[in-house]
Amino acid sequence: MEIVELIKLSKEKTFDELLKIVEEEITATPGYQISIWENFVAPVLYRARKHNHLEGNIDKKNVLNQFKSESEFWSPPKEYCISGRCQNEGEDLLYCSTSWETTISEVKPSLGDYISVSIYHARRRPDNPNTFFGSRIVPIGVQYLSQIDRLKHMFIDYDFTGRDPEFYKLDTLLDDIFHADILDTEEEQYIYNLSTAVTRCMMKNLLKGEVEQQMHGMIYSSIARNKTDYNFVLRPIHARATYSLNHVQTFQVIEKTDNTFKLQLLRNGDTIGEKKHPLDFFEMTWHNVHNGDTELISIK
C-alpha cells in the first residue's frame, strides 16, 4: 500500500480500523516487526518543551504555574497528553532526540516563545558502574538509520542483501511517515493517526518462547535529515528508571525567519534534594542568566 493511500485512510477510517490495516501491512512483511535492538544505549538525550512564561506556564485563568519540580520535564500526566506523532490523546510517551537543536526544531516554536530543553543522562548499573542500563528498542527506517555513524555498529550483522523486497518497501514507507513535517493544523493533524497506529503495532509486547518481552521504545529519523541525529519515543516509566535528569536550559526565541530562528539563553535549572524512591521527582533550583549566549538554528 502506498503512503498516499494510507494517509487517505487515516482521514476516512476510525483509529481502530486504521490500526487493523496498519498491523496487517506490518505483519505481512517477514521479519520486520521483530527487528529488535536489545540493550541499546543512548548516553545523552534531549527533550524540548514550549511554554508562555519564563518561569512556567500561564493557564487560561491567568495563573502562573511555576516549574518547581523535575516532573514538568518528563512526559506530562495522562490528562494533559494530547495526540501527537506517536500517541493518542491521553497516552503518555516521552519524546527525545540525540540533538538539542533537533528537538527544539520539532516543537516548532514561534517568535517570543520560551523553550526549556531537558538533558537526560543514561544511568549506570549499580552492580557494574562501567555499564549503562540499556533499552529494548524497535527501529524503523533502518535503511536511513544505517547511514548514521553513531548507529553503524548496530548494523554489523545486518543482512541488507538477503531481505525480501517487501521488507525495504515497508521500511521506506514507515520512514516516510515518521519524518514527514506535519503542520499544526486541523487539516493535517489526522495524519498523526497513521504514525500513532504504527507506533502501537511496533511497540506492542512480543513473545520470545514463553516469555513476554516489553518493548521499551522506538527509534526513528528526525525531520532534520542530516544523517547524524535520530529520535526516540520511550515508555515513561522505563525512561525514568534508566535515565536521570540533571539539567534544564530555558531559551527564548528572539528572531525567526522562514529557515532559521535565534535563541537566547535566559536561565539554567538543576535538580536538588533526595529521593526516597528511584521514581520520585527532584525539586528544581533556577538561576537566571544575564546577557546569555545566543544560538542560531536552522529549521530545516
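Residues numbered from 1 in each chain as written. Predicted model: local features only at pLDDT ≥ 70, side-chain atom pairs only at ≥ 80, totals over all residues. Heavy atoms only, no water.

> What is the right way to look at the packing of aromatic side chains in this model?
The geometry of an aromatic ring pair is captured by two quantities: the separation of the ring centres and the angle between the planes. Here the structure, examined in full by the defined rule, presents twelve aromatic pairs. Arranged with centres 5.5 Å apart and planes meeting at 85°, the rings of Trp 37 and Phe 155 form a pair that is edge-to-face. In this pair, Trp 37 is assigned in strand β1 (residues 37-40) and Phe 155 in the loop between α4 (142-145) and α5 (165-178), connecting sequence segments 118 residues apart. We classify Trp 37 as buried; its relative accessible area is 5%. (Phe/Tyr/Trp six-rings, centres within 6.5 Å; stacked < 30°, edge-to-face > 60°. Helix = DSSP H or I, 4+ residues; strand = E, 2+ residues; numbered from the N terminus. Buried < 20%, exposed > 50% of the residue type's maximum accessible area, 1.4 Å probe, protein only.)

> Could you clarify how one ought to interpret the side chain of Ser 195 in this entry?
Tracing the backbone shows Ser 195 in helix α7 (residues 192-202). At 2.5 Å, the side chain of Ser 195 forms a polar contact with the backbone oxygen of Arg 85. Of the polar contacts made by the side chain of Ser 195, one reaches the backbone oxygen of Tyr 192; its length is 3.2 Å. Ignoring anything within four residues of it in the chain, the contact list for Ser 195 reads Arg 85, Ile 177 and Phe 178. (Polar contact = N/O pair within 3.5 Å; in protein donor to acceptor, adjacent residues only side chain to side chain. Contact = heavy atoms within 4.5 Å.)

> Could you clarify how one ought to interpret helix α1 (residues 3-12) in this entry?
Note that an α-helix has 3.6 residues per turn; residues three or four places apart therefore point the same way. Those residues of α1 that sit buried are Leu 6, Leu 9 and Ser 10. Viewed along the axis of α1, the buried residues span an arc of 105°, placing them on a single side of the element. Looking at α1, the residues exposed on the side facing more than 90 degrees away from the buried face are Val 4, Lys 8, Lys 11 and Glu 12. At its buried positions, α1 is contacted by α2 (15-27), α5 and α7. (Arc of directions from axis to C-beta.)

> So what exactly am I meant to see when it comes to the nonpolar core here?
Within soluble globular proteins, side chains that are nonpolar generally end up buried alongside one another. Residues Leu 145, Leu 151, Met 218 and Phe 232 are the most contacted members of the largest nonpolar core, which totals 59 residues. The element that contributes the greatest number of residues to this core is α5, accounting for seven residues. The contact partners of Phe 232, leaving out residues within four places of it in the chain, are Phe 40, Ala 42, Leu 45, Leu 94, Tyr 95, Cys 96, Thr 98, Ile 137, Met 218, Ile 219 and Tyr 220. One finds Ile 115, Val 117, Phe 261 and Ile 297 within the second-largest nonpolar core, a separate group that totals 14 residues. (Core = buried A, V, L, I, M, F, W, Y, C linked by side-chain atoms within 4.5 Å.)

> How should I be thinking about the side chain of Ser 69 in this particular structure?
When you line up the elements, Ser 69 lands in the loop between β4 (64-66) and β5 (94-97). Residue classification places Ser 69 among the buried positions, given a relative accessible area of 14%. Only 3.5 Å separates the side chain of Ser 69 from the backbone oxygen of Phe 282, close enough to count as a polar contact. Setting aside residues no more than four positions away along its own chain, Ser 69 makes contact with Phe 281, Phe 282, Glu 283 and Met 284.

> Could you clarify how one ought to interpret the environment of Glu 166 in this entry?
Structurally, Glu 166 can be placed in helix α5. Given a relative accessible area of 41%, Glu 166 falls into the partly exposed group.

> In this structure, what is going on with the pairing of strand β9 (residues 135-139)? I would like to understand it.
Consecutive side chains of a regular strand alternate in pointing toward one face of the sheet and then the other. Counting buried positions along β9 yields five of five residues, so the element is predominantly enclosed. What you see with β9 is no split at all: Ser 135, Ile 137 and Pro 139 on one side and Arg 136 and Val 138 on the other are buried throughout. Relative to β9, β1 is paired through two bridges, and the arrangement is antiparallel. Residue pairing in the sheet places Phe 40 in a bridge with Ser 135 of β9. (Pairing = 2+ DSSP bridges.)

> Just to check I follow, could you spell out the environment of Tyr 190 for this structure?
Residue placement: Tyr 190 occurs in the loop between α6 (186-189) and α7. Separated by 178 residues in the primary sequence, Tyr 190 and Glu 12 place their C-alpha atoms 9.4 Å from one another. Other than its neighbours up to four places away in sequence, Tyr 190 contacts Ile 7, Ser 10 and Lys 11.

> I keep staring at the pattern of salt bridges and nothing clicks. Help me out?
When the charged atoms of two side chains with opposite charge come close together, those side chains can pair. Throughout the structure, instances matching the rule amount to six salt bridges. The closest approach of N and O atoms between Arg 49 and Glu 72, which form a salt bridge, is 3.0 Å. In this pair, Arg 49 is assigned in strand β2 (residues 44-51) and Glu 72 in the loop between β4 and β5, connecting sequence segments 23 residues apart. What makes Glu 72 partly exposed here is its relative accessible area of 27%. (Salt bridge = Lys/Arg side-chain N within 4 Å of Asp/Glu carboxyl O.)

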